[in-house]
Amino acid sequence: MTDITGRTAFITGGANGIGLGMARAFAQHGVKLALADLDTAALDRAKAELSAITEVETVVLDVRDRDAYGKAADAVEARLGPISLLFNNAGIAGGAHVGKMNYALWDWGLGINLGGVVNGVQTFVPRMIDRGAGGHVINTASGAGLAGTASGVLYCTSKFAVVGMSEAMRADLASAGIGVSVLCPGPVATDIVLRSSDSKPDAEILTEADKAKLAERNTMVTAFLKQGTTIEAAGKMVLDAVQRGQFYIHTDRMMLPMLEARQKELLDAMPPES
Ligand SMILES: NC(=O)c1ccc[n+]([C@@H]2O[C@H](COP(=O)([O-])OP(=O)(O)OC[C@H]3O[C@@H](n4cnc5c(N)ncnc54)[C@H](O)[C@@H]3O)[C@@H](O)[C@H]2O)c1
């Protein structure tokens, strides 16, 4: 259980989507916000909206940039006070069939979805431990981090890693009074697919026909996500889980059959007792 009263949060990918939903939910409870993102226009919009409720600072940051991450942390802590709620949330979706992947795609996806979480942890967790005031780390993974899904090899690899990292961190941080939660959303109504396409380095592996097929798929997946959980509802689920000290956070029950099937296959593969 984490008491969030008087705390300050650092939320990566906080300008849009789930990050913004979490920012809104925590702002309603008086939490001060440092929002980090690459999208400057969306950062400005979020600051204009949330400043009416709480103190807000924004920082333009690529979560892959370790030096910039440290400087961003120093700057926001000087203005808002110590960060004790860390949201490693910035992420992208996409990739390619495993037979078509290239190193640029692996570096892009793992760099943001996993490297960004590593950089957040490296930057803030030692500070949180040294200060002795507890806190909470919330890592955004995905349902695709709990079972292999159609989200693809790159996305699943990055999100499984975030789930594993979070499980191990929970044990490490318990004695410091720092809680850990891992958010494993199902579909949430955001523009992640279209936004990710802008930075995805796949131009050299795609034929014109592939591009047309991909554009069609992106439109279809975006329409599917639009019917998912709202960012406001997801934000409230995270707030509730942090306050109750809940580790896994699902936003719907969509993964249930896949989790049951995976669990059964795993347990059935155990050798018999000798
Ligand atoms: N939307 C879903 O259905 C869904 C489902 C499962 C998991 N997730 C995960 O939730 C997280 C948030 O996704 P979302 O759906 O809100 O997407 P989104 O695109 O709405 O928001 C992601 C934010 O991260 C920012 N960002 C991207 N790359 C960055 C970088 N290198 N450095 C800093 N900021 C960067 C974007 O500018 C954007 O503001 C991601 O980790 C995603 O994988 C989303």
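Conventions we followed
Within every chain, residues take consecutive numbers counted from 1 along the sequence as written. pLDDT decides what is reported in this predicted model: residues at 70 or higher carry local features, side-chain atom pairs at 80 or more are listed and counted, and totals for whole chains, interfaces and linings draw on all residues regardless. Side-chain descriptors were evaluated using all non-hydrogen atoms of the structure, hydrogens and water having been removed beforehand. Helix and strand assignments follow DSSP, with helices taken as H or I runs no shorter than four residues and strands as E runs no shorter than two, numbered in order from the N terminus. In a helix, the anticipated span is given by 1.5 Å times the number of residues less one. Working definition: with a 1.4 Å probe on protein chains only, accessible area under 20% of the residue-type maximum means buried, over 50% means exposed, and in between means partly exposed. Contacts between residues were defined by any pair of non-hydrogen atoms, one from each residue, lying within 4.5 Å. Put simply, a residue is near a molecule or strand once any heavy atom of it comes within 4 Å of that molecule or strand. A 3.5 Å cut-off defines polar contacts: any pair of N or O atoms within that distance qualifies, except that in protein one atom must be a possible hydrogen donor and the other a possible acceptor, and neighbouring residues in sequence count only when both atoms are side-chain atoms. Working definition of accessibility: Shrake-Rupley area with a 1.4 Å probe, residue cover restricted to the visible protein chains. Only Asp, Glu, Lys and Arg are considered charged, only Ala, Val, Leu, Ile, Met, Phe, Trp, Tyr, Cys and Pro nonpolar, and every remaining residue, Gly among them, polar. Should DSSP find at least two bridges between two strands, the strands are taken to pair. The axes used here are C-alpha line fits, helices contributing only the stretch in contact, and every angle between their N-to-C directions lies in the interval 0 to 180 degrees.

Draft legend 1. Here's a closer look at helix α5 (residues 153–173). For α5, built from 21 residues, the straight-helix expectation of 30 Å at 1.5 Å per residue is met to within 8% by its first-to-last C-alpha distance of 30 Å. Considered for burial, the residues of α5 that qualify are Leu154, Tyr155, Cys156, Ser158, Lys159, Val162, Val163, Ser166, Met169 and Leu173. Those residues of α5 hidden inside the fold are in contact with α4 (103–131), β5 (135–140), β6 (178–184) and β7 (248–250).

Draft legend 2. Molecular detail of the side chain of threonine 222. Tracing the sequence through the fold places threonine 222 in helix α7 (residues 208–226). A relative accessible area of 7% means that threonine 222 is categorised as buried. If sequence neighbours within four positions are ignored, threonine 222 has contacts with Asp191, Val193 and Leu194.

Draft legend 3. Here's a closer look at the site of the ligand. Around the ligand lies a shell of 27 residues, among which Ile18, Asp37, Tyr155, Thr190 and Arg195 are the nearest. At 3.4 Å from a nitrogen atom of the ligand is found a main-chain nitrogen or oxygen belonging to leucine 61. Within the backbone of asparagine 89, a nitrogen or oxygen atom sits 2.9 Å from an oxygen atom of the ligand. In the complex, the protein chains occlude 95% of the 830 Å² of accessible area that the ligand would expose alone. Listed by contribution, the elements that provide at least two residues to the shell around the ligand are α1 (17–27), α5 and α6 (192–199). In terms of residue class, the shell around the ligand is built from 13 nonpolar, nine polar and five charged.

Draft legend 4. Quick peek at the sheet that holds β5. Taken together, seven strands build an open sheet; the order of strands is β3-β2-β1-β4-β5-β6-β7 and the sheet is parallel. Both outer strands of the open sheet, β3 (56–60) and β7, are each paired with one neighbouring strand and no more. Taken pair by pair, the neighbouring strands of this sheet meet at an average axis angle of 15°, ignoring direction. Strands in contact with helix α3 (residues 66–80) are β1 (8–12), β2 (32–37), β3 and β4 (85–88); relative to β3, the strand with the most contacts, it is inclined by about 165°.

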